[in-house]
Amino acid sequence: MCLFCVFLQVNFVTCQLFALGVAVWFRTYLSASHAHATVRHAFATIIGVYLAVFCFGWYSVHIFTLVLVCYFIMVNASREKVHRYCFTTAMSYLILCQINRVYIFNYGILTTDFSGPLMIVTQKITTLAFQLHDGYNNLDNTYIHRNQFSIFCRKIPTLLEYLSYHLNFMSVLAGPCSNFQDYIAFIEGSHIRSKLKEVGLKEKRLVSDPSPNKVVLHRICICVVSLILFLTISKAFPIAYIVDDTFINEYSFLTRLCYLYIAAMANKPKYYFAWTLADAVNNAAGYGFSGVDEKGNPQWDLINNLNIWNIEMASSFKMYIDNWNIQTAVWLKRVCYDRAPKYRTALTFLLSALWHGVYPGYYFTFITGIPVMLAARAVRNNFRHYLLHYFENA
């Protein structure tokens, strides 16, 4: 790996650790009870812009450009078509940047570059645009049952609210994407009360100003373990070795296949580290509260991006993808799967491939995922009830 790529990765981690410290300060000294929502919006935006510029340099201009262009579209476009214009603009800009990265920079002199944050911004822009469309237009009953009215947007956000949602320091580098209404409720300080009402707790009796410290420490421990695993296993099984001429010529196909599997699995902790750290940053700022469990314990999984246990213990292909990059799966469902009139699975996998980039491996993975998902669904629908009946009578 080139020294420049190593520098960028260290730069990214440094920025996220800095954001973690700022998040604690933000929750402690700039909470909704101590500062006006405008101040919180402005602070989150300024720090987020600073981190983007510090981490990505002039490439961050692409992020800011897309955000501002799509705000202009939201303000001027009709509510009936705002989602189409924003979706087309955001995805087109993202794809052009991905092509630029692969074919001009030759697969990326930038391992950690602006395309990552641009992918998150694309999710947020399209999420907000679709929610604006849904809030202004009558929806069919089928779609209403699949979604909650609370996430719909009835009015165009102010420029400060819009910038804060897209560029706040908690999610500008690594996400995750979240609903605009949830973010505004967090900034204004009403998110905990609203989540308690959703689970039937009208008053804050069981959970009074719940602290995220415990879950943040837990996520930090996961980050440490993930980083250690990644550095040790990936060093022992470097994935670049699979294209080495000596390795190809001297080892059997089965041996090379097993090595490829181990080397690929060794890279998963890298994503566990990045996404768990991003979750920790949001939670440390006080964002991510989702309610309480049956014992009255506070839960902080509103915007979780992965469930490591369910990934490693997945019993089906769907269970695996539902717990890997969770917020992206939610985004794909809301902007594509729930709205496509037909071929929903195929169109959703295709959109996922386009969103990820222009590497050939993405298209091979997601296109082959279509028949796998359809086959798994068919087997589940036709045979699962027999197995359940068998185990119930065993």
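Residues numbered from 1 in each chain as written. Predicted model: local features only at pLDDT ≥ 70, side-chain atom pairs only at ≥ 80, totals over all residues. Heavy atoms only, no water.

Draft legend 1. Region of the structure containing the environment of Leu51. One can find Leu51 in helix α2 (residues 37-56). On the accessibility criterion, Leu51 (2% relative accessible area) is buried. Separated by 32 residues in the primary sequence, Leu51 and Ala19 have C-alpha atoms spaced 8.3 Å apart. (Helix = DSSP H or I, 4+ residues; strand = E, 2+ residues; numbered from the N terminus. Buried < 20%, exposed > 50% of the residue type's maximum accessible area, 1.4 Å probe, protein only.)

Draft legend 2. Quick peek at the packing of aromatic side chains. Scanning the entire structure with this criterion turns up 29 aromatic pairs. Judged by centre distance (5.4 Å) and plane angle (35 degrees), the ring pair of Trp25 and Phe43 falls under tilted. Linking Trp25 in helix α1 (residues 3-29) with Phe43 in helix α2, this pair joins segments that are 18 residues apart in sequence. Judged by centre distance (5.6 Å) and plane angle (80 degrees), the rings of Tyr359 and Tyr362 are edge-to-face. Looking at Tyr362, the relative accessible area reads 28%, which means it is partly exposed. Put simply, the rings of Trp25, Phe26, Tyr29, Phe43, Tyr165, Phe169, Phe180, Tyr183, Phe186 and Tyr287 pair up and form one aromatic cluster. (Phe/Tyr/Trp six-rings, centres within 6.5 Å; stacked < 30°, edge-to-face > 60°.)

Draft legend 3. Spotlight on the packing of helix α3 (residues 60-76) against helix α7 (residues 159-167). Taken N-terminus to C-terminus, the directions of α3 and α7 make an angle of 140 degrees; their axes are 11 Å apart at the nearest point. With respect to their mutual orientation, α3 and α7 come out oblique. Remark: the crossing between α3 and α7 carries right-handed chirality. Residues Ile63, Phe64, Val67, Leu68, Cys70, Tyr71 and Met74 of α3 form the contact with α7, whose participating residues are Leu159, Tyr162, Leu163, His166 and Leu167. Here the residues of the contact of α3 with α7 sort into eleven nonpolar, one polar and no charged. (Axes fitted to C-alpha atoms, helices over the stretch in contact; angles between N-to-C directions. Parallel < 35°, antiparallel > 145°, perpendicular 65-115°, else oblique. Left-handed = near helix turned anticlockwise from the far one by under 90°. Contact = heavy atoms within 4.5 Å. Nonpolar A, V, L, I, M, F, W, Y, C, P; charged D, E, K, R; others polar.)

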